[in-house]
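The chain contents come next:
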Amino acid sequence: MNLEVVSFILGRLSLACGSVLVLPLLAAFFYQEPSIRAFGVSIFICLGLGMFLCRLGRLETEHLSVREGIAITGIGWIMVTFLGMVPYAAGGYLKVLDGVFETISGLSGTGATVIDSLETLPHSILLWRSLTHWFGGLGIIVIFIALLPQFGRGAVYMFNAESTGPTSDRVLPRIKSMAMALFAVYLVFTVAAAAVYMLCGMNFLDAVDHSFSTIATGGFSNYDASIAHFNNPVLEGWIIFFMVISSANFGMYVMAWRHGWHIIWENTEFKTYLFLVLATTAAVTIDLFMNSNLPAATSFRYAIFQTASLSSTTGFVSADFDVWPSFSKLCLMMLMFVGGCAGSTAGGLKVSRLIILIKAMYSIVWQKLHPQMVPHVHLDGVAYTADVLLGVGRFFFAYLMLDVLWALLLIADGVPVLDSIGISVSTMGSVGPAFGMAGPTCTYSGLPDFSKVVVCFSMLLGRLETFTILVMLNPEFWHRKKW
Amino acid sequence: MDLRLVAHFLGKIAFACGIAFLLPFGLAMFYAETSRAAFLLAILACLLFGVLLWRLGQQMTDSLRAREGIAITGIGWLLVTFLGMLPYVFGGYLGVLDGVFESISGFTGTGATVMDALEELPQSILMWRSLTHWLGGLGIIVIFIAVLPQIGYSAVYMYNAEISGPAPERVLPRLKEMAWVLFLMYVLFTSVAAVVYWFCGLDLLSAVNHAFSTIATGGFSTYDANAIHFNNPLIEGWMTFFMVLAGGNFGLYYRVYQRGFAVLGKNTEFKAYIGILLTATLLVMLNLLYNMEYNMTQSLRYASFQVASIATTGFVSADFDRWPSFSKAVLLLLMFTGGCAGSTAGGIKISRIVLLIKMAGANLRQQLHPHAMMDVHMNGMHIGEETLHRAAQFFFVYMMFVAFWALLLMNEGELSMFDAIGLSVTTMGSVGPGFGVAGATCTYSGLSNFTKVVLCLAMLLGRLEMFTFLVMLRPSFWRRSKGW
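Residues numbered from 1 in each chain as written. Chains lettered and ligands numbered in written order. Predicted model: local features only at pLDDT ≥ 70, side-chain atom pairs only at ≥ 80, totals over all residues.

**Student:** I'd love a proper account of the overall build of chain B, names of residues and values included.
**Tutor:** Regarding its fold elements, chain B presents 19 helices and two strands. Here the C-alpha radius of gyration of chain B, 22 Å, is about what a compact globule of 484 residues would show, namely 23 Å. A principal-axis box enclosing the C-alpha atoms of chain B has dimensions of 65 × 65 × 50 Å. In chain B, once contacts between residues fewer than 6 apart in sequence are set aside, the share between residues at least 24 apart is 71%. (Helix = DSSP H or I, 4+ residues; strand = E, 2+ residues; numbered from the N terminus. Rg over C-alpha atoms; globule rule 2.2 N^0.38 Å. Contact = placed C-beta atoms within 7 Å.)

**Student:** Residue-level account of the overall build of chain A, with values.
**Tutor:** Scanning chain A from terminus to terminus reveals 18 helices and two strands. Out of the 483 residues belonging to chain A, those deemed buried represent 56%. Put simply, 71% of the contacts in chain A that link residues at least 6 apart link residues at least 24 apart. (Buried ≥ 20, exposed ≤ 12 C-beta atoms within 10 Å, placed from the backbone.)

**Student:** I'd like a rundown of helix α3 (residues 66-90) of chain B, residues and numbers included.
**Tutor:** Residue and element names in this part refer to chain B. Compared with an ideal rise of 1.5 Å per residue, which puts 25 residues at 36 Å, α3 spans 36 Å between its outermost C-alpha atoms and is within 8% of the ideal. When you tally the buried positions in α3, you get 18 out of 25 residues, the bulk of the element. Directly beyond the C-terminal end of α3, a positive phi value near 75° is found at glycine 92. (Expected span 1.5 Å × (residues − 1).)

**Student:** Please set out helix α14 (residues 351-369) of chain A residue by residue, giving values where relevant.
**Tutor:** Its 19 residues place the ends of α14 of chain A 28 Å apart at the C-alpha level, agreeing with the 27 Å of an ideal helix rising 1.5 Å per residue. All of the buried residues along α14 of chain A are Val351, Ser352, Arg353, Leu354, Ile355, Ile356, Leu357, Ala360, Met361, Ile364, Gln367 and Lys368 of chain A.

**Student:** I'd like a rundown of the environment of proline 149 of chain B, residues and numbers included.
**Tutor:** Here proline 149 of chain B is to be found in helix α5 (residues 123-150). A C-alpha to C-alpha distance of 9.7 Å links proline 149 of chain B and alanine 66 of chain B, two positions 83 residues apart in sequence.

**Student:** Could you give an account of the nonpolar core, with specific residues and numbers?
**Tutor:** Among soluble globular proteins, nonpolar side chains are generally buried collectively. Judged by nonpolar contacts, the single largest core of 297 residues is most densely connected at Val307, Leu356, Ala392 and Phe395 of chain B. The contact partners of leucine 356 of chain B, leaving out residues within four places of it in the chain, are Phe397 of chain A together with Ala391, Ala392 and Phe395 of chain B. (Core = buried A, V, L, I, M, F, W, Y, C linked by C-beta atoms within 7 Å.)

**Student:** Can you lay out the packing of helix α15 (residues 386-412) of chain A against helix α14 (residues 325-337) of chain B for me, pointing to particular residues and giving the numbers?
**Tutor:** Across the interface, α15 of chain A lies against α14 of chain B with an axial gap of 8 Å and an inter-helix angle of 155°. Taken together, α15 of chain A and α14 of chain B sit at an angle that is classed as roughly antiparallel. Crossing geometry of α15 of chain A relative to α14 of chain B is assigned as left-handed. Of α14 of chain B, the residues touching α15 of chain A (which contributes Val404, Leu408, Ile411 and Ala412 of chain A) are Ser325, Phe326, Ala329 and Leu333 of chain B. When grouped by side-chain class, the residues that make up the contact of α15 of chain A with α14 of chain B number seven nonpolar, one polar and no charged. (Axes fitted to C-alpha atoms, helices over the stretch in contact; angles between N-to-C directions. Parallel < 35°, antiparallel > 145°, perpendicular 65-115°, else oblique. Left-handed = near helix turned anticlockwise from the far one by under 90°. Nonpolar A, V, L, I, M, F, W, Y, C, P; charged D, E, K, R; others polar.)

**Student:** Kindly report on unusual backbone geometry, identifying the contributing residues and their values.
**Tutor:** Positive phi, close to 55°, is recorded for serine 226 of chain A, a residue that is not glycine. For serine 226 of chain A, the location among the structural elements is in the loop between α7 (204-215) and α8 (233-246). Classification of serine 226 of chain A by C-beta neighbours within 10 Å gives buried; the count is 26. Phi is positive for asparagine 231 of chain B, which is not a glycine, with a value near 50°. Topologically, asparagine 231 of chain B is positioned in the loop between α8 (204-215) and α9 (233-246).

**Student:** Could you give me a rundown of the confidence of the model for chain A, with the residues and numbers involved?
**Tutor:** All names here are of chain A. In this model, chain A carries an average pLDDT of 84, and 86% of its residues clear a pLDDT of 70 or more. Highest mean pLDDT in chain A belongs to α8 (95); lowest belongs to helix α18 (residues 467-472) (58). A low-confidence stretch, residues 150-172 (pLDDT under 50), is modelled with 44 contacts involving residues beyond four sequence positions or located in other chains. (pLDDT = per-residue confidence, 0-100.)

**Student:** Break down the environment of methionine 252 of chain A for me, citing the residues and quoting the values.
**Tutor:** All names here are of chain A. With respect to the helices and strands, the residue methionine 252 is situated in helix α9 (residues 250-259). Using a count of 20 C-beta atoms within 10 Å as the deciding quantity, one classes methionine 252 as buried. Spatially, the C-alpha atom of methionine 252 lies 21 Å from that of leucine 464, the residues being 212 residues apart in sequence.

**Student:** Got a sec to walk through the environment of glycine 76 of chain B? Specific residues and values, please.
**Tutor:** Along the chain, the position of glycine 76 of chain B falls in helix α3. For glycine 76 of chain B, the contacting residues outside a window of four places in its chain are Leu10 and Ile13 of chain B.

**Student:** With reference to specific residues and values, describe the packing of helix α16 (residues 417-428) of chain A against helix α17 (residues 449-463) of chain A.
**Tutor:** Residue and element names in this part refer to chain A. Put simply, α16 and α17 touch, their axes get as near as 7 Å, and they point 40° apart. The angle between α16 and α17 falls in the class oblique. Along the contact surface, α16 presents Ile423, Ser424, Thr427 and Met428, while α17 presents Val455, Ser458, Met459 and Gly462. Of the residues belonging to the contact of α16 with α17, the class tally is four nonpolar, four polar and no charged.

**Student:** How would you explain the confidence of the model for chain B if you had to name every residue and give the values?
**Tutor:** Counting all residues, the mean pLDDT for chain B is 87, and 92% of those residues have values of 70 or more. The ipTM for the predicted assembly is 0.87, set against a pTM of 0.89.

Written out as structure tokens, the structure reads:
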């Protein structure tokens, strides 16, 4: 464990955080808002911590092993969470626990809010909220595709498959080039979304904030009613478009840019994702049409938006789906569980894992008859070996177990059963809205403190795909010896 | 696919069913009940099927391949549940769908009933209900401990039976021997249970019926109120003991017989099983103590019974539908985990849960050493990746089916999401009582026909661990050609 490298990179991260905070600071100046002080304090702390850590550490080597990567990821997230909470707390807008909650919700792209009256907040604070989404999303893409591809073993696969497994040689230069490409895609999408939203009628700041929230599949809105506030079907349609494209593997976009658009049509995971969205939309539309008193067009409009929103794990709300029939709600909950594609900003189990599990099921059925045969699963020309399949199965189990654990803890804290299950699935999957007391028209402010802490863990572990954080709990992880 | 071999065995199964009918038939004659004719007709039907199938079939070999084993298991169950429905229908007690439901519920050891007024039924019918439990439980034990491991079917059961790989030759003689020992053990446990219940105050027929239901971890009672009817802590205590016993691995008990009780202490699954039951009891007891007006003794009494019951049988000694949410959530989880592999209980099975948890733990180590071998141990032996993979896949498919049934059940009008999930889990797991509309003190009679059909499928697939039926869906499974 090379603590110097870790410290140095974390220091850089803190400085980066400070520089990002300049944006809302500028907004605060521009609008003459009282939050200037809060942002000033935050920037000061970031710079201070950053310089301290950089001093302490040294970037002596271009080698970055798995352990350092994990440490940077894990500690980095926690550090940024606390730094990000400072504006809320220093400005007196939220107490510390709520601030931490809101920040984790922002960075993890969940979009669950404890703020009851968004429209009274200063623009700079709202901008900061959306920025946490944007940078959190960017961080996830870079971490999972560029920095630590082996964590997605079975789920994330780098096109061109140059780097498979953990190797410390030549990792940093490759990371840089991929990271730059991903950032470019991310930026282009964000700018496009903001422009389109403005054309649809949003003012500049709203468009920027919501575009950050969309591309990061976060779900924070500047309005308590979320997207229902706008009541604009054209806008909703465009939001759907951007949510869906943000749920695909961003690496796929980079490859498509380099090698041609056919890459996208050939991507099984994305096609499966689209199929899930369309099939569920159809089912929910029919259910709403037959069992709620909604006309066909409205049923379709609500169904497709909510389906796209929840499956992409964004979490925007255009209608109160808590009053929809149970069948639709169960469908939506299942989509929240599955989530988006690997290598996107979306959360959840990930569609590729679902595909692999289902294909593995077929191969087992085959194996029941031929007990000596080895199971084999293919996806887009990549053969998945037994150990990878095992990893996927194990992840599914761990993911579900954590969902159960969070739900049990919430139930023990007094939250009703279905609400607990919904909150658990929703926050692990980085979605946001759930059912009942954390439903689409509510906020998470009503939860007791213990439950809020549980939800924070749920959001964090869900976003970082569980094992990253848990691995750091093993003391062996910190031993200095090389290996 | 050697269809003649399959037919041969199915014929034997039909005959066995006919013989089984003799017991309730005898009872019906003894008490001069109206159900005599129904049972007679049922016996004739069994004889007819038996003769037909046996004639068509032929046993030419001592070997049993995977295919035939699976086909006999799958079709055998369908055959038996069909024949088992006949007394209910012939006697006019239930319509065909309800009869099939009750029969499947009986044989799969679920214990979900569509009969609203049990105490008005003739003793022979009640006896047949309990007998279906007993026979189904015996069948499950024989299939999963003796048959399937020998044909290399299921990694978890092969591991449990300490069999290293499939060996289709000379399977049948060895199978007969194992099946016989298991049968004796099963009869022994049942007899002891019946005698104990009798001493506790039940009349003879009640004692026998409930003994059948307990050892088969079924859940049918001869009283509408189920175990609430007795309101007797002594009976509940003994029931708890026998339920826990029946939820253990019968193959393990066989090894205890061969090598002594020390084997129990070394068996990871058994220890985990007891551990889970104790922990759950403690959690529920505390939850009840602080949230309901029960005192310490009552909390312990209700908690211990219901925890043991929900994990295996499905007897009800208190209306747990009125318990606080946390307890209900714990009970729901117990429906998932179920009993030990090689028991009559259902669910995912404790050994798989243990494997999955150990796997998740081993993974944390492996994140640091990506090229190291996965090191999972159970019962002192190293577990291969193949077995772990199967356990993980089983878990996934199980969950998928639970979600699938729940989705289909949403079709039912007044079913809330939680109740639907509860129903799905309880029938897949062969438990019995659910929550809400099919709750602890209710029956399944009020559900729609579509729901009943879905639940029948859930009970069948859950009991036979899904893959049996999935495999039979492949056309290549049935091809006549030899040589693979």
